[in-house]
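Below are the chains, spelled out letter by letter.
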Amino acid sequence: EAQVTQNPRYLITVTGKKLTVTCSQNMNHEYMSWYRQDPGLGLRQIYYSMNVEVTDKGDVPEGYKVSRKEKRNFPLILESPSPNQTSLYFCASSGNPLGEQYFGPGTRLTVT
Amino acid sequence: TQLLEQSPQFLSIQEGENLTVYCNSSSVFSSLQWYRQEPGEGPVLLVTVVTGGEVKKLKRLTFQFGDARKDSSLHITAAQTGDTGLYLCAGVSRTGNQFYFGTGTSLTVIP
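Our subject in this report is the structure included herewith. (Residues numbered from 1 in each chain as written. Chains lettered and ligands numbered in written order. Predicted model: local features only at pLDDT ≥ 70, side-chain atom pairs only at ≥ 80, totals over all residues. Heavy atoms only, no water.)

## Considering the interface of chain B and chain A
Inference 1: Facing 22 residues of chain B, the contacting portion of chain A comprises 24 residues.
Inference 2: In this assembly, chain B packs against chain A so that about 1,700 Å² is buried in total across both faces, 51% of it on carbon and sulfur atoms.
Inference 3: It is Asn97(B), Phe99(B) and Phe101(B) in chain B that bury the most area against chain A; as a group they hold 31% of the surface buried on that side.
Inference 4: Here chain B and chain A share zero salt bridges between them.
Inference 5: For the side of chain B that touches chain A, the secondary-structure elements that each account for two or more residues are β4 (31-37), β9 (85-92) and β10 (99-101) of chain B.
Inference 6: When grouped by side-chain class, the residues that make up the side of chain B that touches chain A number nine nonpolar, 12 polar and one charged. (Contact = heavy atoms within 4.5 Å. Buried area = accessible area lost by both parts, 1.4 Å probe. Salt bridge = Lys/Arg side-chain N within 4 Å of Asp/Glu carboxyl O. Helix = DSSP H or I, 4+ residues; strand = E, 2+ residues; numbered from the N terminus. Nonpolar A, V, L, I, M, F, W, Y, C, P; charged D, E, K, R; others polar.)

Put into structure tokens, the structure is as follows:
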């Protein structure tokens, strides 16, 4: 089954404690992306990757890091999480040229 | 920077009514997509429009891409309770490497 998986689905952490949210896709897609979703703001792109070892900042990259060492994986790293990073996070993948995005189930992060 | 503005933000209608959701921008996009999102899930693609002026129909849903490829609309005829959800438009940049999502329209269809 074609899918994007994210882990964990829910995470509560404290300010400053480094965390990683994993994302994996099994569709051999070149393009992968991370978004955060906040009420009234829709989905905002954090980082995207056009292919292995190629990553670029989206609209809201501050406080986040990503890596793309393998085509299927695109982890999101928060080196020092802060409360304003409390949000619902989605990973997505797409073929190239950009077409339909397939989204993961989401990770709800709370930073206290 | 929010490149795409959707209106209305919230919409509550009776089953059987018609509705239109708008997605507007000052930027030109190479294509525009509409997604629907259910609570607790990721967005799912409904349609992609590519050509300025293009109209696509998906059963009771009609999608239109503006002539200048800056705006789009989604019209639902005879809404059903199953149409309830968050509707998101997304533009693909002209460079073809980024997606920009709209602010979203939360639709509730009351039986």
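## Observations regarding the packing of aromatic side chains
Inference 1: Taken as a whole, this structure holds 11 aromatic pairs over all chains when the rule is applied.
Inference 2: Between Tyr31(A) and Phe99(B), the ring centres sit 5.5 Å apart and the planes meet at 70°, which makes this aromatic pair edge-to-face. On the criterion of chain membership, the pair formed by Tyr31(A) in strand β4 (residues 31-38) and Phe99(B) in strand β10 is interchain, its members lying in two chains. An identical accessibility class is assigned to Tyr31(A) and Phe99(B); each is buried.
Inference 3: Look at Phe103(A) and Tyr35(B): their rings are 5.7 Å apart centre to centre, the planes differ by 85°, and that puts the pair in the edge-to-face class. Within this pair, whereas Phe103(A) is found in strand β10 (residues 102-103), its partner Tyr35(B) is found in strand β4, the two belonging to separate chains. (Phe/Tyr/Trp six-rings, centres within 6.5 Å; stacked < 30°, edge-to-face > 60°. Buried < 20%, exposed > 50% of the residue type's maximum accessible area, 1.4 Å probe, protein only.)

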